[in-house]
Every structure is written in C-alpha cells, then in structure tokens.
Amino acid sequence: MKIRAIALNTFKEAVRNKIFYLLIFFGVFFSFSSKLISMLTIGDTLKILKDVGFASINLFSVLIAIFTGINLVYKEIEKKTVYFILSKPVERRDFILGKFLGLALTMFVALTIMISVFSIFILLLSGTFDPFILLYFIFLFTELLIIISISILFSSFSTPILSSIFTIVLYLIGHVIWTFNEFKYKLINPIEKFFAYFIYYLFPNLEKFNIKGALVMNDPISIKIILSSLAYGIFYISAILLISIHIFKRREF
Amino acid sequence: MNALEIKALSKSFRSNFLYKKTSILKNVDINVNKGSIYGFLGLNGAGKTTTIKCILGLTRPDHGTIRLFGKETGKASDRASIGFLPESPYYYDYLNAKETLALSGKLSSLSNEKIKERTAKIISLVGLDGKEDLLLKKFSKGMLQRVGLAQALINDPDLIILDEPFSGLDPIGRKELRDIILSLKAEGKTIFFSSHILQDMELIVDDIGILMNGKITKEGKLKDLVKKTIKHPVDYSLEDLFLKEIKK
C-alpha cells in the first residue's frame, strides 16, 4: 500500500508537469513528420515512414525517461519532501520501489499515447495494423525501465546534471556495448578477455531491445530472442534497483 | 514510562572527505515524560535538528540509544506512533491539502475510511476549513505550517515532534498553535518541540532541555530550573535562564 501510494504520487507529479506533455507532443509530431520525409525519399515509403516514426518515438520516450527519472528523485532530496515520506513508517526500500513503479507507470502512459497515435496513423495510411508494434512496445518499454532504474541509481547520490550526463553516457554505451561481445571471442590474452567480459556484463546491452530494424523490414523475431531479452531486462533492472536501495539506505539526510 | 528516552547520543559529520569529523552531538541524554510538553532549546547549530533527525531515523547516530515508549527504535515501523512537523515544511506543491493528508495517511497505513474521518477533524483543528482543495503552491508559509501540522497528526500519533513550529506564523497563528498544542496535551499526547521563540515556549512547556554545543546543559521542569538558576525569581523568565546558560 505504501509503495502504491508513493508510485501514484510520483505518477501524479510527472503528469502534472507541462514538460511531460511537451515531450509527448514532440514525439507524436516527429512521428507524423515521417510522412513528409517518406515523400521526399525514393523507396518503400511505408518502411521509411515506420523507420522515422519509431525512431522519433524512441528518442522522445528516452528523453522523458531520463529527465523525469533524474528530476523526480533528486527533487525529493533537494526540496526536502523526502523528510515528509521518510518520517513516516516507510522503509527506504519502499521509497525507491515506489519511485520506480511511479516512473514506470508514467512511461507506460506516455508510450501508450505515442504508439497508439502512430499506429492509428499507419493504419489510416496503409490500411493494415502491424501486430508486431505490440512487441516493439514491450521491448522499448523494457529498455525505458532499464533507463529509469539507472537514472534512479544516479540521482540517489548525485546531482541532476551529473546524473543526466551519466545516464545519457550509459544509454549511448548501452547501444554499442554489443561490439564487446563480438570482440571478446577474438581476444587470446586472458586478462584482456576478462576485461572485455567484465565491460560487456557491467553495462546494459540496450541493443537487445532494438527491434526497429526487424519491425520495419518485417523480419521474424524468434521466441528465444524475445524471452532471453526480457529475462535480461528483468535481471538488469533488479540488480540496479538493489544497488540503488543499498545506497539509499546508507544515505543520511 | 517516558515517551522518549535518549541516552548518550553522539553524532559527528565529515564535511569533506579529507577533513576530520565534526562532532555535532556529544553524549546527549533526554527524557520526555509521557503526556507532557517538552521544549527543546538551543542556539542555531546546537544540534537540535540533528537530534530530531536521529529520532526519526533520517540520520544514523554514531553511538547511543533512543527509546520510544520504552522500546528501542531502529525500524521504520517504530515511527507509526510519531507525528513530525519539519522546520520550514516542504510538501508537494502540485497536491492540495486534502491530497497531502491522504498521502500522509496512506504512508501511515491508514484505511481510506480512517483517512476521511481524520482529515475532516484535523482540517478543522488546524484552521484550514474551506482551503482543503487549494493547491499547496498557492499557500503562504503560515498556511503551509498548518498543513504540516495536519499531516503530522493524521495518524493520531502518541508523540508529536515539532521542529521550530512557530517560525513564520503571525501572532494570531502562534496563539492558535499554542492552543492546539495544549489541546493535544489534554488528549494525552506527548509533544516535543524545538523553538527559538522563547515567549511561546514559556507559556506552554512543562519541561525543557537546553542543548549547547551538542550537549544538554540543563534539563527538567521549567519552573524548578528557573528557581535554581535565577537568584530572585519574582519575574523570572525562560529568556533569563536561556541567556544565563549561553553566557556560561
């Protein structure tokens, strides 16, 4: 009940912020502008339209996740509203979990709005509904949950500017870290190999959740890949939240 | 049984990784009788807020024990019997007073029915009738102080801790707050509060504790302490006692 109360309050705070709507608006606007871009290019216009549209949704949902995630936890500490919560019979663990779930709900709503509007747009243009959009939704949502958990981790001990930088850097690393997976097989030196393994498993491999290409090209995605990616996401989020709880428990106000 | 019993409480902070620790509290002993009003006095930086944060688990003490109604504290659930009003209250300005109280009640594990019942009673007690649906960002400091007191009382706590509750209140607000504190005492509640406004404190406290440089230098019944310290206590005041104590 306490986690639920904190989560709903976090959600309320996010949706009462005008920036939230502004980012959703831009997400929808740029996904619509994909129609314009597709008209200017040669090739399968529907594929280009989907590609640009999904990329826009991806970009703006990541921006919402990073900035909402960082601000909401840091603001609690900076504005001392955390005293209000933690002076009640509330475990610090519940505070972090409540914040995470509240942000997850916020992202769920934002993503549902953006993807629903874009799906209707595609449906009106092509006359067909692509059910794989639901898979795209699940994969992108899992990626956003990883970003939220990372932003909560950083904002539990750092300033918003540093947390933003750390989270953005980790997001970018997360989309190139898969190269270490290829790289580690080519290394012979055990120390170098260990280092490559360490780096690969330490940072989130966010490319696991990038199915835009497959969706646009109508490539099939195996159940094994779907399940392993989701299991990886759940494991990574759990690990980051446990570290965040540990840090937050030690924090003094 | 004491409502609050603090024994040998010590706390130090490291202001920088390289600097040595600064001692804020040094073996602080406090005894607050059940059903009494306890005034916690001290200059700025004496360690009053740090002591309160230790009681609430916002800060971990280096040494010492804190007992609430005879039971040693340490768990979050121990705070179920406490109501806390922080100094310069900070709340969610996108919520209204009613929503703030509902959140406060849920965090204290109250049922929706109980929250509704307590909200109606407390809104009236703190004088927020007709303002309960206004967003907190439209509230003045004095009004926020009332919301702060209301959220501290939502769970019907046995021990009410108020950190500088009179700051930011006009004379009428101070009088009303004194009356509320006295009415809470009449209900059998224990009130522990820190304040710089000695005149207000003098009018309502039973016991006081003076914290100087992290140590309790005086503790006991206000009248007894004044009689012992001031030679001719005909027109004695808490202010005289406090000034004498800080000049030592």
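The present account deals with the structure reproduced in this document.

About the criteria used
Residues numbered from 1 in each chain as written. Chains lettered and ligands numbered in written order. Predicted model: local features only at pLDDT ≥ 70, side-chain atom pairs only at ≥ 80, totals over all residues. Heavy atoms only, no water. 1 Å grid on protein atoms, 1.4 Å probe; cavity = no way out; pocket = protein on both sides within 12 Å on 5 of 7 lines; lining within 4 Å. Points joined across faces, edges and corners; volume = space filled by probe spheres on them. Helix = DSSP H or I, 4+ residues; strand = E, 2+ residues; numbered from the N terminus. Nonpolar A, V, L, I, M, F, W, Y, C, P; charged D, E, K, R; others polar. Contact = heavy atoms within 4.5 Å. Buried area = accessible area lost by both parts, 1.4 Å probe. Salt bridge = Lys/Arg side-chain N within 4 Å of Asp/Glu carboxyl O. Polar contact = N/O pair within 3.5 Å; in protein donor to acceptor, adjacent residues only side chain to side chain. Phe/Tyr/Trp six-rings, centres within 6.5 Å; stacked < 30°, edge-to-face > 60°. Lys NZ or Arg CZ within 6 Å of the ring centre and 35° of its normal.

What to know about the layout of surface pockets
All names here are of chain B.
- Reported here for the largest pocket is a volume of approximately 510 Å³.
- Sorting the residues of the lining of the largest pocket by element identifies helix 1 (48-56) and strand 4 (63-68) as the ones contributing at least two each.
- Here the residues of the lining of the largest pocket sort into nine nonpolar, six polar and eight charged.

A word on unusual backbone geometry
All names here are of chain B.
- Its identity as a non-glycine residue notwithstanding, Phe69 has a phi of 50 degrees, on the positive side.
- As for its placement among the helices and strands, Phe69 is situated in the loop between strand 4 and strand 5 (71-72).
- Despite not being glycine, Ser109 shows a phi value in the positive range, around 65 degrees.
- Tracing the chain through its elements places Ser109 in the loop between helix 2 (97-107) and helix 3 (112-125).

Some thoughts on the interface of chain A and chain B
- Between chain A and chain B, the residue contacts involve 27 residues of the former and 32 residues of the latter.
- Here chain A and chain B share an interface that buries about 2800 Å² over both sides, 57% of which is from carbon and sulfur atoms.
- Linking Lys12(A) and Glu99(B) is a salt bridge whose minimum nitrogen-to-oxygen distance equals 3.8 Å.
- On the surface where chain A and chain B come into contact, there are 21 residue pairs in polar contact (both at pLDDT 80 or more).
- Mapped by element, the contributors of at least two residues to the side of chain A that touches chain B are helix 1 (2-15), helix 4 (81-86) and helix 11 (223-250) of chain A.

Observations concerning the packing of aromatic side chains
Residue and element names in this part refer to chain A.
- This model, assessed by the stated rule, comprises 22 aromatic pairs over all chains.
- Pairing Phe54 with Tyr136 gives two aromatic rings, centres 4.4 Å apart and planes at 50 degrees, and the pair type is tilted. Of this pair, Phe54 sits in helix 3 (residues 45-78) while Tyr136 sits in helix 6 (residues 132-155), and the two are 82 residues apart along the sequence.
- Among the aromatic residues, ring-to-ring pairing joins Phe54, Phe118, Phe121 and Tyr136 into one connected group.
- Positioned over the ring face of Tyr232 is Lys208, at 5.2 Å from the centre of the ring.

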